[in-house]
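Examining the three-dimensional arrangement
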Amino acid sequence: MPDETAFQRIVARLDYPMHIVTMAAGDRRAGCLVGFATQCSISPPRYWVCISKANHTLELSGAARAMAVHLPFPDDHALAELFGSETGDEVDKFARCEWEPGPDGTTPVLTGCPRWFFGAVVRRVDVGDHVGHLIEVDVASETPGGSSAAGQLGFQDVKDLPPGHDA
């Protein structure tokens, strides 16, 4: 077994990209800030998104057929705080931001986040204190004016945010 304290010190210094994931099932919507996510296939295009079991969003993620994954810029701190520090069992996050229905007509797409992609959830896997969701991407969008030179919101940008729920 690895020294968990040493492992935590090592990963605390990483600056992995942060994502905002949104979903819907029926008339319910949910979304959260996610740090454990990565592309995992080129063809077909697939993305792996892990949601904490302590997160309010996890309940809806089991019923959601699809998810939208948003890639915020470093200056999107307020949006990250909304989806990372507030919890959907206490507030309606979508009443506090601008969004529109995504490609399926129900999944929220955050209009304040110009880079996003969307796809069906094709598999869910219990990976410990998180549940992994394999998304097969079928729509991607980058609003004109968005720039890859603007960077990506990273873990180091948001590590000071208090979580909506403890991990």
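Whatever comes next refers back to the structure up there.
The paragraphs below set out a description of the structure included in this document. Values in this document were obtained by computation on a predicted structure and should not be read as measured data.

As a general point, the strands of a sheet are linked pairwise by backbone hydrogen bonds and lie either parallel or antiparallel. With respect to topology, seven strands assemble into an open sheet ordered S2-S1-S5-S8-S9-S4-S3, the strand pairing being antiparallel. A single partner strand is all that each edge strand has here, and the edge strands are strand S2 (28-34) and strand S3 (37-41). Within this sheet the neighbouring strands show an average axis-to-axis angle of 35°, counted without direction. Bridging between strand S4 (residues 46-52) and strand S9 (residues 130-142) involves seven bridges; their strand directions are antiparallel. Its bridge partner being in S9, Tyr47 is matched across the sheet by Ile135. Packed on one face of the sheet, helix H3 (residues 77-85) meets strand S1 (19-25) and S2 and runs near 110° to S2.

This next bit is on the packing of aromatic side chains. Scanning all chains against the criterion turns up four aromatic pairs. Measuring from centroid to centroid gives 6.1 Å for Tyr16 and Phe36, while their planes differ by 45°, and the two rings are tilted. Placement of the pair is Tyr16 in the loop between helix H1 (4-12) and S1 and Phe36 in the loop between S2 and S3, with a sequence separation of 20 residues. An angle of 65° between the planes, with centres 5.5 Å apart, marks the rings of Phe83 and Phe94 as edge-to-face. Taken together, the residues span a long stretch of sequence, with Phe83 in helix H3 and Phe94 in the loop between H3 and strand S6 (99-101) at a distance of 11 residues. Following the ring pairs from residue to residue traces out a cluster consisting of Phe83, Phe94 and Trp99.

Further remarks concern the pairing of S9. For strand S8 (residues 115-126) and S9, the ladder comprises 11 bridges, and the chain directions are antiparallel. Bridge pairing in S9 links Gly119 to Val137. Adjacent in sequence and paired antiparallel, S8 and S9 are bridged by three residues, among which Gly128 carries a positive phi angle near 125°.

Quick look at the pattern of salt bridges now. Close approach of charged atoms allows side chains with opposite charge to pair. Following the criterion strictly, the structure yields three salt bridges and no others. Two residues, Arg28 and Glu59, come together in a salt bridge whose shortest N-O distance is 3.5 Å. In this pair, Arg28 is assigned in strand S2 and Glu59 in helix H2 (residues 57-61), connecting sequence segments 31 residues apart. Judged by relative accessible area, Arg28 falls into the partly exposed class, the value being 42%. With a relative accessible area of 55%, Glu59 lands in the exposed category.

Before going further, it helps to examine the environment of Met23. By the element assignment, Met23 lies in strand S1. In sequence terms Met23 and Ala64 are 41 residues apart; their C-alpha atoms lie 6.1 Å from each other. Excluding its chain neighbours within four sequence positions, the residues that come into contact with Met23 are Arg28, Arg29, Ala30, Ile51, Thr57, Leu60, Ser61, Ala64, Ala66, Met67, Thr107 and Pro108.

The peptide bond linking Ser43 to Pro44 adopts the cis configuration, its omega dihedral lying at 5°. As for its position among the elements, Pro44 is in the loop between S3 and S4.

Across five bridges, strand S5 (residues 66-70) lies against S8 in antiparallel orientation. Looking across to S8, one finds that Ala68 is bridged to Phe118.

Turning our attention to the state of the cysteines. Throughout the structure, instances matching the rule amount to zero disulfides. Free cysteine: Cys40, not disulfide-bonded; nearest cysteine sulfur from Cys50 at 9.7 Å. Residue Cys50 is classed as buried on the basis of its relative accessible area of 10%.

Quick notes on the rules
- Residues numbered from 1 in each chain as written.
- Predicted model: local features only at pLDDT ≥ 70, side-chain atom pairs only at ≥ 80, totals over all residues.
- Heavy atoms only, no water.
- Pairing = 2+ DSSP bridges.
- Helix = DSSP H or I, 4+ residues; strand = E, 2+ residues; numbered from the N terminus.
- Axes fitted to C-alpha atoms, helices over the stretch in contact; angles between N-to-C directions.
- Contact = heavy atoms within 4.5 Å.
- Phe/Tyr/Trp six-rings, centres within 6.5 Å; stacked < 30°, edge-to-face > 60°.
- Salt bridge = Lys/Arg side-chain N within 4 Å of Asp/Glu carboxyl O.
- Buried < 20%, exposed > 50% of the residue type's maximum accessible area, 1.4 Å probe, protein only.
- Disulfide = S-S within 2.5 Å.

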